[in-house]
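# Structure at a glance
One-letter residues, chain by chain:
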Amino acid sequence: MTPDFDEIIDRVGTRCSKWDDMQATYGVSPQDGGLAMWVADMDFRPPAAVRRAVEALAAHGVYGYPGANRPYLDAIRWWMEHRHGWSIQPGWILTCAGLVNGVAMALDAYTEAGDGVIVMSPVYHAFARVIRASGRALVELPLAQQDGLYRMDWPAWESRLTGREKLLILCSPHNPGGRVWSPEELRQVADVCIRRDLILVSDEIHCDLVMPGHRHSVTAAACPDIADRLVTLTAATKTFNIAGAHIGNAIIADEGLRSRFKGALTARGISPGLFGMDMVTAAYSPEGAAWVDALTDYLDGNRRLFDKGISAIPGLRSMPLQATYLSWVDFSATGMAPAEFTARVEQTARIAANHGATFGTGGESFLRFNIATPRARVAEAVRRLQDAFADLQ
């Protein structure tokens, strides 16, 4: 069946962070028509194959410890090979409680308190939160902008490094900027990690959500010479809107590196749950692949609608979205302080969007809008934003 991404699904009152927490977080109430465009999950149901898997488990009625996980590992292998041309072995796959947990395990396995951990900012806000909470030192390398896109700036960055850094977290594709890094850019990162003896953690959770005309390059495939220092983090949760399963993977080819990560998981008593494993197994399938193809086409339509509406407002610019469903909108040319443009979005337009400053240095003039919602809501958001900034037009 063709997925109905236009269906409006009421998520209010379902213990949904995106809708039920937005009033407490942003002062935007769903009860008076507020639009939730912040938390990075989608307002779409997952593929029918995922729902069938959950229904079959529920119908069985016994929910004991999961074992015999070879179908789960084989599904991950199949997906990476057929969708990304990346051949992996089942023994390389370690399962964690989602991507943020995977980052935390990597910090625990490969660094010590006080060590520097590098990010390219602005970047996914959970990285900084976990780095600081673990007692590591956050090292921000500010991304440059060229032709409206984020670019790495290694000539400027290397002078900022002190030698205390032990690990670099790469967000690929980039969140919130939506960049798909080229193989050449990935090789630059790998070269720096080799020269400076850094562990590279490549967050590739958005790898399946790529706009038509662009292609994600798996870091491990683009940079085979870095296998002895590379941890690749992936998950089906973002792709198939099953984030509540809290399940992800660290794929590590090097045995020594893998053993250290496994030790961190074991020390924390972390193991996958039954429902999450079966959901991923069902999702990573030909049926799931067809659903993702339909999804990315739909998201591209939402992207074009949203970008056209944003570009009609003087002073606003959305960064060209190559991947993810997260539109990164720059308000700097309005001349407004963040408090003013944010108030217009939240109080006048009644839209909850992520504050750019939470993504670190360079994000202060931005808001991040989640466009993975039925198109009618995207059109309504555009209308409200144009009204909220009508005095600029």
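Cut-offs applied
Residues numbered from 1 in each chain as written. Predicted model: local features only at pLDDT ≥ 70, side-chain atom pairs only at ≥ 80, totals over all residues. Heavy atoms only, no water. Helix = DSSP H or I, 4+ residues; strand = E, 2+ residues; numbered from the N terminus. Rg over C-alpha atoms; globule rule 2.2 N^0.38 Å. Buried < 20%, exposed > 50% of the residue type's maximum accessible area, 1.4 Å probe, protein only. Contact = heavy atoms within 4.5 Å. Phe/Tyr/Trp six-rings, centres within 6.5 Å; stacked < 30°, edge-to-face > 60°. Pairing = 2+ DSSP bridges. Right-handed = clockwise from strand over helix to strand, strands pointing away. Core = buried A, V, L, I, M, F, W, Y, C linked by side-chain atoms within 4.5 Å. Axes fitted to C-alpha atoms, helices over the stretch in contact; angles between N-to-C directions. Salt bridge = Lys/Arg side-chain N within 4 Å of Asp/Glu carboxyl O.

This paragraph deals with the overall build of the protein. Across its full length, the protein holds 15 helices and 14 strands. Compactness check: the protein gives a C-alpha radius of gyration of 21 Å against a globular reference of 21 Å for 393 residues, within 12% of the reference. Judged by the C-alpha coordinates and their principal axes, the protein covers about 60 × 60 × 35 Å. Of all 393 residues assigned to the protein, the portion counted as buried reaches 55%. Of the contacts made within the protein by residues no fewer than 6 positions apart, 74% connect residues no fewer than 24 positions apart.

Now for the packing of aromatic side chains. The relative placement of two aromatic rings is captured by the distance of their centres and the angle of their planes. Applying the stated rule across the entire model yields 18 aromatic pairs. Plain terms: the ring middles of Tyr26 and Trp38 are 5.0 Å apart, the flat faces sit at 80 degrees to each other, and that makes the pair edge-to-face. Of this pair, Tyr26 sits in helix 2 (residues 22-26) while Trp38 sits in the loop between strand 1 (35-37) and helix 3 (48-60), and the two are 12 residues apart along the sequence. Its relative accessible area of 13% is what places Tyr26 among the buried residues.

Another aspect to go through is the pairing of strand 7 (residues 165-171). The element strand 7 is largely enclosed, with a buried count of six among its seven residues. In this structure, strand 3 (residues 116-121) lies alongside strand 7, joined through three bridges in parallel fashion. Across the sheet, Ile118 pairs through a bridge with Leu168, a residue of strand 7. Across five bridges, strand 7 lies against strand 8 (residues 199-203) in parallel orientation. For Cys171, the partnering residue across the bridge sits in strand 8 and is Asp203. Note on the crossover from strand 7 through helix 8 (residues 183-195) to strand 8: the handedness is right-handed.

A word on the nonpolar core. Counting residues in each nonpolar core, the largest one holds 90 residues, and the members touching the most others are Leu168, Phe306, Phe369 and Leu385. Counting residues per element, this core draws most heavily on helix 13 (residues 286-311), which supplies eight residues. The contact partners of Phe306, leaving out residues within four places of it in the chain, are Met37, Ser327, Val329, Phe369, Ile371, Val378, Val382 and Leu385. Core analysis: the next-biggest nonpolar cluster, separate from the first, contains 30 residues, Met105, Leu167, Ile169 and Leu233 among them.

A sheet is described by the order of its strands in space; here five strands give the open sequence 1-13-14-12-11, paired in mixed fashion. With one partner strand each, in any of the chains shown, strand 1 and strand 11 (317-318) form the two edges of the open sheet. Pairing analysis gives three bridges linking strand 1 to strand 13 (residues 351-355), with the strands arranged parallel. Residue pairing in the sheet places Met37 in a bridge with Ala353 of strand 13. Most of the contacts of helix 13 go to strand 12 (residues 326-330), to which it runs at about 10 degrees, and overall it touches strand 1, strand 11, strand 12 and strand 14 (366-370). Strand contacts of helix 15 (residues 375-388): strand 1, strand 13 and strand 14, with the helix running at about 100 degrees to strand 1, the strand carrying the most contacts.

A separate point is the pattern of salt bridges. Counted according to the given criterion, the structure contains 26 salt bridges. A salt bridge links Asp330 to Arg317; the nearest nitrogen and oxygen atoms lie 3.9 Å apart. With a gap of 13 residues between them, Asp330 in strand 12 and Arg317 in strand 11 connect regions that are remote in the sequence. Of the charged contacts, one joins Asp391 and Arg344 as a salt bridge, the two residues approaching to 2.6 Å between their closest N and O atoms. One end of the pair, Asp391, is in the segment after helix 15; the other, Arg344, is in helix 14 (residues 338-348), and 47 residues separate them in sequence. For Asp391, a relative accessible area of 53% translates into the label exposed. Through salt bridges with shared partners, a single ionic network connects Arg11, Lys18, Asp41, Asp43 and Arg377.

The values are spatial; any link to function lies outside them.
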